[in-house]
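Summary of structural features
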Amino acid sequence: MKRARVVVVGGGHAAAQLCNALVELGAARHVMLVCEEATLPYQRPPLSKTFLKSAQDSVQLHRDLGWYAQHGIELVLGRKAIAINRYERELELDDGEWVAYEQLVLATGARARVFDPFDRPLENVHSLRSQADASRLRASLLSDSRESLTVLGGGFIGLEVAATARALGWRVQVFEAAARLLPRSLSPHMASHVLAHHIEHGIQVTVDAQVDGFEVEGHRLRALRARDRKAAVDQLLLGVGSVAASELAVSAGLKVDHGVVVDESLRSSDASILAIGDCAAFPMGEGHLRLESVQNANDQARVAAAVLIGKAARYRPLPWFWSDQGGMRLQMVGLWREGLTTHERRGPNPSSFSLFHYEGDRLCCVESVNAPVDHMVARKLMELDNSPNPERLCDPSIALKSLL
């Protein structure tokens, strides 16, 4: 039986950054990383952007093999963790081997949500979560025949791929079931701008489009039906969201609610098991929230590393995101919600502006388009306002209003 002081399950951004944070704390010895994919942890955001544009582009590794060896991190690649024995503190792998741990970290990420008709592989239906998914989609997008791409879902991944495919010469249609694009991520004002941007670039977008039928012929999807009309399908991307990869936690009897439920120190209902990244549902407001972002993975990894070596640490999230969509860079800090007061700041050119959302005098969220300076200033000021004991010369909301 293998043994490790800390076992990390997962190969995404959170897992890689946890390893890095433990190295920085001098605590990476006797750490084991178990990853279902047979490759070293790699950057995920480029998979929906630059990776799709060139057959020569390769995945960007977080660290090379030598780095893990140098710092004493044992890699177990191409092996899936299938069960946790919480009472003996052991993890079972799919080859029958057991690994004993003192502390276990679940960084299992999330998987693409699928429709029932696609519970078996279809040649022209794609999702996008891994290098294998992206390579398969890229092969279709770079093929000699420039067909049409249908995207189900008007979220970040779907819109990024839609913009990339359009730039490659594909005809693109997007179907979003909600009444507007990105309803959980952007304000209505910004969502309207995103819609106009994609329409201007030749992408057909249909919102409030509940898909209620599919035509499958052999191993290919031939058409779908939405809003009482039939749409032919050449290639289709499922971008209808994700679900936390929490099967391990469920089978082990941990508390799970749309993700592995953790406290402010990222401990699960079992104090010896932490959860971080896309699979973790952390305290936010009066409930729990699961976020899929690089910021969330980075910040939670640092908190988890501190907790693993016995330090008192709490996750105090200030969410921020970005999305590149065909010449439009969206950057967001904070979370938009109904009832906020919005002020608009125009940028140096027509394609640049920011929306500042306030609750009274408190800045809650900033959305920027091609305005990186606004985004960075907003982050700095909101980080000060979010700190437990802010020390500042002036109120950040007042300072930011002076920019408007």
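What this report covers is the structure whose coordinates are included nearby. All figures in this text were calculated on a predicted structure; none of them were measured in a lab. (Residues numbered from 1 in each chain as written. Predicted model: local features only at pLDDT ≥ 70, side-chain atom pairs only at ≥ 80, totals over all residues. Heavy atoms only, no water.)

1. Structural notes on the packing of aromatic side chains
Scanning the entire structure with this criterion turns up 3 aromatic pairs. Lying over the aromatic face of Y42, R44 brings its terminal NZ or CZ to 4.2 Å of the ring centre. Stacked on the ring of F51, the Lys or Arg R138 has its end atom at 3.9 Å from the ring centre. (Phe/Tyr/Trp six-rings, centres within 6.5 Å; stacked < 30°, edge-to-face > 60°. Lys NZ or Arg CZ within 6 Å of the ring centre and 35° of its normal.)

2. Re helix α7 (residues 294-308)
Relative to the 21 Å expected for 15 residues at 1.5 Å per residue, α7 spans 21 Å between its end C-alpha atoms, a close match to the ideal helical length. Burial analysis of α7 places 13 of its 15 residues in the buried class, which makes it a mostly covered element. G310 sits one or two positions beyond α7 and adopts a positive phi of about 95 degrees. (Helix = DSSP H or I, 4+ residues; strand = E, 2+ residues; numbered from the N terminus. Expected span 1.5 Å × (residues − 1). Buried < 20%, exposed > 50% of the residue type's maximum accessible area, 1.4 Å probe, protein only.)

3. A closer look at the sheet that holds strand β19 (residues 280-284)
As summarised here, the arrangement of the 3 strands in space is β17-β19-β20, forming an open sheet in which the pairing is mixed. Strands with a single pairing partner mark the edges of an open sheet, and in this sheet they are β17 (260-261) and β20 (287-289). Note that β17 and β19 share 2 bridges and pair parallel. Note that in β19 the partner of V260 across the bridge is A280. (Pairing = 2+ DSSP bridges.)

4. So, helix α5 (residues 188-200)
Each α-helix turn comprises 3.6 residues. Residues three or four places apart therefore point the same way. For α5, built from 13 residues, the straight-helix expectation of 18 Å at 1.5 Å per residue is met to within 8% by its first-to-last C-alpha distance of 18 Å. Along α5, the residues classified as buried are M190, A191, V194, H197 and H198. The buried residues of α5 occupy an angular sector of 120 degrees when the element is viewed end-on, so they sit on one face. Close packing links the buried residues of α5 with α4 (156-167), β11 (204-206), β21 (320-325), β22 (328-334), β24 (353-359) and β25 (362-369). (Arc of directions from axis to C-beta. Contact = heavy atoms within 4.5 Å.)

5. Notes on the state of the cysteines
The tally for this structure, following the rule as stated, stands at 0 disulfides. Free of any disulfide, C364 has its nearest cysteine sulfur in C365, 8.1 Å distant. (Disulfide = S-S within 2.5 Å.)

6. A look at the sheet that holds β11
With parallel pairing, the 5 strands of this open sheet are ordered in space as β8-β15-β9-β10-β11. Every other strand in the sheet has two partners, leaving β8 (125-126) and β11 as the edge strands with one partner each. Sheet topology note: the strand β10 (residues 171-175)/β11 ladder contains 3 bridges and is parallel. Each residue of the ladder has a partner; that of V174, found in β11, is V205.

By themselves, these are just geometric observations and shouldn't be taken as functional.
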